[in-house]
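Structural characterization, general
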Amino acid sequence: QPVSDVSALHDLVLLKELNLAGTKVTSLDSLTELPSLEVLNLQHTQITDLRPLENLPRLKTVAVSRDMLPLTWSGDARFEVVLTK
């Protein structure tokens, strides 16, 4: 069954890597409760706004794909956005 809601992950506070590539997720708001998240794969999703991720203290890398452009995030973000095919 396709994933479209990740709110059930809010208790996984030790989660370091999350792969949502190819899912139907449209909002990242519920991921703001994952303080240990370091790597997030979002390729081929409907996400266009990365700003909810800016307060994740350990987030290092967010992978996105060209079909997601244009994206919005702050220049002050502490994470790197990696663009893939």
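The rules behind these values
Residues numbered from 1 in each chain as written. Predicted model: local features only at pLDDT ≥ 70, side-chain atom pairs only at ≥ 80, totals over all residues. Heavy atoms only, no water. Salt bridge = Lys/Arg side-chain N within 4 Å of Asp/Glu carboxyl O. Helix = DSSP H or I, 4+ residues; strand = E, 2+ residues; numbered from the N terminus. Buried < 20%, exposed > 50% of the residue type's maximum accessible area, 1.4 Å probe, protein only.

With that settled, the discussion passes to the pattern of salt bridges. Counted by the stated rule, this structure contains two salt bridges. Here Lys-60 and Glu-38 are joined by a salt bridge, their closest N and O atoms 3.9 Å apart. On the criterion of sequence distance, the pair formed by Lys-60 in the loop between β2 (39–41) and β3 (61–65) and Glu-38 in the loop between β1 (17–19) and β2 is long-range, its members being 22 residues apart. The exposure class assigned to Lys-60 is exposed, which follows from its relative accessible area of 51%. Two residues, Arg-51 and Asp-49, come together in a salt bridge whose shortest N-O distance is 2.9 Å. Looking at Asp-49, the relative accessible area reads 27%, which means it is partly exposed.

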